[in-house]
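Here is how the chains run, residue by residue.
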Amino acid sequence: MTAPSHDAAVQRQFSPQASAYLTSAVHAQGEDLQHMASIAAAHPQARVLDMGCGGGHVSFNAAPLVAEVVAYDLSQAMLDVVEAEAAKRGLSNLRTCQGKAERLPFDDGAFDLVMSRYSTHHWEDPGLGLREARRVLKPGGIAVFADVVSPGQALLDTWLQTIEVLRDTSHVRDYSQAEWIAMLADAGFVLQGMTLRRLPLEFASWVARMRTPEPLVRALREMTAIAPQPVKTHFEIQDDGSFTSDNAVIVVYKPR
């Protein structure tokens, strides 16, 4: 019997709820999304890759501001939702392409901007994915990565990774600021800036969006209920299990 792959886990987790990610308030709005759109607006002639596009919100916000956007994702179901929504919005400069982050089917230097939001924590090999992002960028091109970040401290990190994988079996890791800086440097990027924010997450919609099975929802509720005080304080855990995560928008460039 063939062992299940990580790609299959991602497809299994995300394809059935593609439409939920299109309408998710967490994904459809936010200061991080506005931040990414402002970067796109500064490059009106750019060809943009939305790497791990999910419900397509980076693509939808960037497309009116740039020359072309390629929305790229492992899940064809996600891409079908993005394509249909782009047509509704009249975004004729937005096209979709299916594949994984670690094997981009694009030429070297094909893009002026690479953007990725809430995707990197699903990558099986983040180092390879980042090297691929650098490869497809033109010299001097900019990459923007937005994602949940780990606080770094061992107790907080362990709790965060545990609840993430209980909710979503395709989760790999939320990386700390230090891990991000090291991975980006190893991939050949130069750091331009990192903006940290806090994101409140309402428990019921957080698990519903991923269709987390009820036994795992119960485990998550138990995890939040018994969390040690440093965890409760940092993540601002509420009685209903809602909590606040740490997020970052990281801007890097490819040297000329």
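Since the structure is predicted, the reported quantities are computational estimates derived from the model, not experimental observations. (Residues numbered from 1 in each chain as written. Predicted model: local features only at pLDDT ≥ 70, side-chain atom pairs only at ≥ 80, totals over all residues. Heavy atoms only, no water.)

Draft legend 1. Looking closely at the side chain of asparagine 247. Locating asparagine 247 in the fold gives a position in strand 7 (residues 243–253). Within the structure, the side chain of asparagine 247 is placed 3.0 Å from the side chain of tyrosine 118, a separation counted as a polar contact. If we ignore the near neighbours within four places in the chain, the residues touching asparagine 247 are Tyr118, Asp147, Val148, Val149, Thr195, Leu196, Arg197 and Leu199. (Helix = DSSP H or I, 4+ residues; strand = E, 2+ residues; numbered from the N terminus. Polar contact = N/O pair within 3.5 Å; in protein donor to acceptor, adjacent residues only side chain to side chain. Contact = heavy atoms within 4.5 Å.)

Draft legend 2. Just the nonpolar core, in detail. Among the nonpolar cores identified, the biggest contains 28 residues, and Leu49, Phe106, Val114, Phe145, Trp180 and Phe189 are the most heavily contacted of them. For this core, the elements supplying multiple residues, two or more each, are strand 1 (47–51), strand 2 (68–73), strand 4 (111–117), helix 7 (126–136), strand 5 (137–149), helix 9 (177–187) and strand 7. Within the second largest apolar cluster, 26 residues are counted, among which are Ile39, Cys53, Ala86 and Met115. (Core = buried A, V, L, I, M, F, W, Y, C linked by side-chain atoms within 4.5 Å. Buried < 20%, exposed > 50% of the residue type's maximum accessible area, 1.4 Å probe, protein only.)

Draft legend 3. The pattern of salt bridges, seen in detail. Taken as a whole and assessed by the stated rule, the structure comprises 14 salt bridges. Of the charged contacts, one joins glutamate 102 and lysine 100 as a salt bridge, the two residues approaching to 4.0 Å between their closest N and O atoms. The same class applies to glutamate 102 and to lysine 100, which are both buried. A salt bridge links arginine 173 to glutamate 179; the nearest nitrogen and oxygen atoms lie 3.3 Å apart. Linked through salt bridges whose partners overlap, the residues forming this network are Arg47, Glu68 and Arg95. (Salt bridge = Lys/Arg side-chain N within 4 Å of Asp/Glu carboxyl O.)

Draft legend 4. Representation of the packing of helix 7 against helix 9 within the structure. Between helix 7 and helix 9, the shortest axis-to-axis distance is 9 Å and the interhelical angle comes to 50°. If you check the angle between helix 7 and helix 9, you find them oblique. Here helix 7 runs over helix 9; the crossing is right-handed. On helix 9, the residues touching Pro126, Leu130, Arg131 and Arg134 of helix 7 are Trp180, Met183, Leu184 and Ala187. A class-by-class count of the residues in the contact of helix 7 with helix 9 yields six nonpolar, no polar and two charged. (Axes fitted to C-alpha atoms, helices over the stretch in contact; angles between N-to-C directions. Parallel < 35°, antiparallel > 145°, perpendicular 65-115°, else oblique. Left-handed = near helix turned anticlockwise from the far one by under 90°. Nonpolar A, V, L, I, M, F, W, Y, C, P; charged D, E, K, R; others polar.)

Draft legend 5. Inspection of the packing of helix 8 (residues 154–167) against helix 11 (residues 214–225) at higher detail. In contact at an axis separation of 9 Å, helix 8 and helix 11 are set at 160° when each is read in the N-to-C sense. Here helix 11 runs roughly antiparallel to helix 8, going by the angle between their axes. The hand of the helix 8/helix 11 crossing is left-handed. Counting all contacts with helix 8, which are made through Trp159, Thr162, Ile163, Leu166 and Arg167, the residues of helix 11 involved are Leu216, Ala219, Leu220, Met223 and Thr224. The residue makeup of the contact of helix 8 with helix 11, split by class, is seven nonpolar, two polar and one charged.

Draft legend 6. Highlighting the environment of histidine 171. Looking at the element boundaries, histidine 171 is found in the loop between helix 8 and helix 9. With 47 residues separating them in the primary sequence, histidine 171 and glutamate 124 have C-alpha atoms 9.0 Å apart. Setting aside residues up to four positions removed in sequence, histidine 171 forms contacts with His121, His122, Gln161, Glu164 and Val165. A polar side-chain atom of histidine 171 sits 3.0 Å from a polar atom in the side chain of glutamine 161.

Draft legend 7. Representation of the pairing of strand 4 in the model. Burial within strand 4 is extensive, with six of its seven residues counted as buried. Direction of pairing for strand 1 relative to strand 4: parallel, over a ladder of three bridges. Pairing of aspartate 50 across the sheet is with methionine 115, part of strand 4. Summarising the sheet, strand 4 and strand 5 pair through six bridges and their orientation is parallel. Following the sheet pairing, arginine 117 is matched in strand 5 by alanine 146. Handedness of the β-α-β unit built from strand 4, helix 7 and strand 5 comes out right-handed. (Pairing = 2+ DSSP bridges. Right-handed = clockwise from strand over helix to strand, strands pointing away.)

Draft legend 8. Structural view of the sheet that holds strand 6 (residues 190–201). Sheet architecture is open: seven strands sit in the order 3-2-1-4-5-7-6, paired in mixed fashion. Single-partner strands in this sheet number two, and they are strand 3 (94–98) and strand 6. Sheet twist, expressed as the mean angle between neighbouring strand axes with direction ignored, is 15°.

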